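# Results of the structural survey
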Amino acid sequence: MYEYSVDSVKNITPSTLLLTLQKDEGERIFPFLPGQYAAISFYRHRRPTAARCFSVVSSPTTQDKLQFSMRAKGHYTKAIAGLQKGDKVKVRGPFGGFVLNQSDDVNAVFLAGGIGITPFMSMATYAAAVQSKLNITLLYSCQNQEDVPFLSELKDLEKKNPNFKVIFILGEGPSDKLSGQRVVSGRITPELLDEVTSHKYFEKYFYICGPPPFMKAMVATLQSKGATKHHIITEAFAQGSHRQTGKIKSWPYNIYALSAVGLALGSFTVMVSDIFNILPPSTLSQYNESGKTLLKNKRQEDLDALVNSMTSARSVASPDSAAVTAANKAANDAAAATQTVVKKQAAPTTSTPTSTTTTQTTQPTATTPPPKKCTTTQSGVTTCV
């Protein structure tokens, strides 16, 4: 992290701010390449603000100052507009791969839309400062002549660097303030690109920066003209399909991705831990023995159902009904099967005609069974005989 002090904040167009920072004595120099961006933050009402990313406008050759430009809209840019001289600003970075490669780029075409001019200002200023031999043509598309940031700076760069040329494209309105400059009305057309490249698209490197619709249109046009894919380098100010295609990986995106993965894993770990803390140990042990418990409960339910049905039949049925005899026989059979000492060893008792006759003619009390003897097995089944 680097700390700078505010030198000035001013409007360079009705909708564009320019923030100039001065390096404090003893502070480190912010190292960056022309075209990269940085994240800045500051204090507002004695509270730190969030960090926001902006392309660096100034050249790396100017080491004691750092400049950023942005559209004057939204709460954050309004807060920047309220900064006073001497206020401290923290700078993080540099980030981004939208960098002019001087070893490869013999001919470069800059395509800028609106505030997308900011990284190109750093590239063009640097090329002029080091007297680069690169042939650079800038196609700068703006809504009207009142909204052309860095107009005077671009004119000066053309004078300093004979290899740098600018073509202004105005969407509407007059162009009298751009007298002496080449101005085209409307938008960047395929015909204009043919003229700039001399139809030799495969020999050019194209750098594109601006609003997503502008970038999408430019990329589609260049590809239809046969421009080499890896010769089209883009820088977007918004997330989405128009992401950066520079040659240097953008450090913040990698960090954001790793942070998201770490957050997801951490959340999952906490969730699982909470579940095990909420569930009592008995529940977990019952779950582990669920298979055995289900089999045991099923066997016990069958035995209980048999005993209950026999008991119910004996208590509900009338004494002189045929069901009494059947219930007594079923109870005796079940009891005999569960006893350790079976009464089958005893000699069978022969009923006399008298007792048979008595059973048919005497009162129901004569057929009342003797007192029952109940036993309970280890499985919890109670049997009475």
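Use the structure listed above.
Only a predicted model underlies this, so the values are computations on that prediction, with no experimental measurement involved.

With the rule as written, the count across this model stands at seven salt bridges. When the shortest N-O distance is used, the salt bridge between K90 and E3 registers 3.2 Å. Taken together, the residues span a long stretch of sequence, with K90 in strand 7 (residues 88-95) and E3 in strand 1 (residues 2-13) at a distance of 87 residues. Notably, a salt bridge pairs R182 with E195, separated by 2.8 Å at the nearest N-O pair. In this pair, R182 sits in strand 11 (residues 182-185) while E195 sits in helix 4 (residues 190-197), placing the two residues 13 residues apart along the sequence.

What follows is about the environment of M121. Its place among the elements puts M121 in helix 2 (residues 118-129). When sequence neighbours within four positions are dropped, the list of residues in contact with M121 reads V57, F150, E153, L154 and L157.

Right, let's get into the nonpolar core. Counting 33 residues, the largest nonpolar core has F110, F120, L138, Y140 and Y207 as the members making the most contacts within it. Counting residues per element, the ones that place at least two in this core are strand 8 (107-113), helix 2, strand 9 (135-142), helix 3 (151-160), strand 10 (164-170) and strand 12 (205-210). By residue number, the principal contributor to this core is helix 2, which donates six residues. Not counting residues within four places of it along the chain, the set of residues in contact with F120 comprises F98, F110, L111, A112, L138, Y207, I208 and C209. Counting residues in hydrophobic clusters, the runner-up holds 22 residues, among them L17, F42, V56 and V91.

What follows covers helix 1 (residues 74-81). The set of residues buried in helix 1 consists of Y76, T77, A79 and I80. Buried positions in helix 1, seen along its axis, are confined to an arc of 150° and lie on one side of it. Structural note: helix 1 exposes H75 and K78 on the side pointing more than 90 degrees away from its buried face.

The buried count for strand 12 comes to six of six residues, which makes it a mostly enclosed element. With burial as the criterion, each face of strand 12 is covered, one bearing Y205, Y207 and C209 and the other bearing F206, I208 and G210. Looking at chain direction, strand 8 and strand 12 are connected through five bridges and run parallel. For A108, the partnering residue across the bridge sits in strand 12 and is Y205. The pairing of strand 12 with strand 13 (residues 232-236) spans five bridges and is parallel. Bridging from a neighbouring strand, G210 pairs with A236 of strand 13. Once you follow strand 12 into helix 5 (residues 212-224) and on to strand 13, the crossover reads as right-handed.

Taken as a whole and judged by the stated rule, the model has eleven aromatic pairs. Between the aromatic rings of F54 and Y76, the centroid separation amounts to 6.4 Å while the plane-to-plane angle is 25°, which identifies the pairing as stacked. With F54 in strand 5 (residues 52-55) and Y76 in helix 1, this pair connects stretches of sequence that are 22 residues apart. The class for Y76 is buried, based on a relative accessible area of 15%. Between F110 and Y207 the ring centres are 5.7 Å apart and the planes differ by 85°, which places this aromatic pair in the edge-to-face class. Residue F110 is found in strand 8, and its partner Y207 is found in strand 12; the two are separated by 97 residues along the sequence. For the pair F110 and Y207, a shared accessibility class is recorded, and that class is buried. A connected cluster of aromatic rings, assembled from ring pairs, spans F98, F110, F120 and Y207.

Rules of the game
- Residues numbered from 1 in each chain as written.
- Predicted model: local features only at pLDDT ≥ 70, side-chain atom pairs only at ≥ 80, totals over all residues.
- Heavy atoms only, no water.
- Salt bridge = Lys/Arg side-chain N within 4 Å of Asp/Glu carboxyl O.
- Helix = DSSP H or I, 4+ residues; strand = E, 2+ residues; numbered from the N terminus.
- Contact = heavy atoms within 4.5 Å.
- Core = buried A, V, L, I, M, F, W, Y, C linked by side-chain atoms within 4.5 Å.
- Buried < 20%, exposed > 50% of the residue type's maximum accessible area, 1.4 Å probe, protein only.
- Arc of directions from axis to C-beta.
- Pairing = 2+ DSSP bridges.
- Right-handed = clockwise from strand over helix to strand, strands pointing away.
- Phe/Tyr/Trp six-rings, centres within 6.5 Å; stacked < 30°, edge-to-face > 60°.

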